[in-house]
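# Examining the three-dimensional arrangement
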Amino acid sequence: MNGPLLIHIIHSLPGRLRLRLSVVPCDLDLFTSSVQEHDGFNLIRFNPVTRSLLLEYETGHLTTQEIV
């Protein structure tokens, strides 16, 4: 990554969260697999062009605050 990582919540619904990252992670595969190691995530998709991170998760297991 170049510079500090800032995270902005773009959209939030129970079980679905879209975040915008200030920078693209240097190692996208490592970043995605690191997030997937945490229990409760069903889908993790990152778009490097828009720097948008889409997360689908189990609502009873995780909260928006815990994810961010």
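The structure this text deals with has already been given above.
Let me begin by describing the structure that accompanies this report.

## As for the pattern of salt bridges
This model, assessed by the stated rule, comprises one salt bridge. Between arginine 16 and glutamate 56 there is a salt bridge; the shortest N-O distance is 3.3 Å. With arginine 16 in strand β2 (residues 16-21) and glutamate 56 in strand β4 (residues 52-57), this pair connects stretches of sequence that are 40 residues apart.

## A word on the layout of surface pockets
Computed from the structure, the largest pocket encloses a volume of approximately 200 Å³. Along its surface, the largest pocket is lined by 14 residues, and Val35, Phe41, Leu55, Ile67 and Val68 are the ones closest to its centre. Sorting the residues of the lining of the largest pocket by element identifies β2, α1 (28-36), β4 and α2 (64-67) as the ones contributing at least two each. When grouped by side-chain class, the residues that make up the lining of the largest pocket number 12 nonpolar, one polar and one charged.

## So, the packing of aromatic side chains
Throughout the structure, instances matching the rule amount to one aromatic pair. Arranged with centres 6.1 Å apart and planes meeting at 65°, the rings of phenylalanine 31 and phenylalanine 46 form a pair that is edge-to-face. One end of the pair, phenylalanine 31, is in helix α1; the other, phenylalanine 46, is in strand β3 (residues 41-47), with 15 residues separating them in the sequence. Classification of phenylalanine 46 by relative accessible area gives buried; the value is 11%.

## Looking at a nonpolar patch on the surface
Among the surface-exposed residues, Leu5, Ile7, Ile9 and Val68 lie close enough to one another that they form a single nonpolar patch of about 310 Å² accessible area. If you trace the backbone, isoleucine 9 turns up in strand β1 (residues 7-13).

## Considerations on unusual backbone geometry
Excluding glycine, residues mostly have negative phi values, and the peptide bonds linking residues are mostly trans. Its identity is not glycine, yet arginine 51 carries a phi of approximately 60°, on the positive side. Turning to its location among the elements, arginine 51 is positioned in the loop between β3 and β4.

## Quick word on the environment of glutamine 36
Note on placement: glutamine 36 falls in helix α1. A relative accessible area of 47% places glutamine 36 in the partly exposed class. With 21 residues separating them in the primary sequence, glutamine 36 and tyrosine 57 have C-alpha atoms 10 Å apart.

Basis of the calculations
Residues numbered from 1 in each chain as written. Predicted model: local features only at pLDDT ≥ 70, side-chain atom pairs only at ≥ 80, totals over all residues. Heavy atoms only, no water. Salt bridge = Lys/Arg side-chain N within 4 Å of Asp/Glu carboxyl O. Helix = DSSP H or I, 4+ residues; strand = E, 2+ residues; numbered from the N terminus. 1 Å grid on protein atoms, 1.4 Å probe; cavity = no way out; pocket = protein on both sides within 12 Å on 5 of 7 lines; lining within 4 Å. Points joined across faces, edges and corners; volume = space filled by probe spheres on them. Nonpolar A, V, L, I, M, F, W, Y, C, P; charged D, E, K, R; others polar. Phe/Tyr/Trp six-rings, centres within 6.5 Å; stacked < 30°, edge-to-face > 60°. Buried < 20%, exposed > 50% of the residue type's maximum accessible area, 1.4 Å probe, protein only. Patch = residues over 30% accessible without salt bridge, like charges linked within 9 Å, V, L, I, M, F, W, Y side chains within 5 Å. Areas by Shrake-Rupley, 256 points an atom, 1.4 Å probe, with all protein chains shown as cover.

Coordinates in, geometry out; function isn't part of it.
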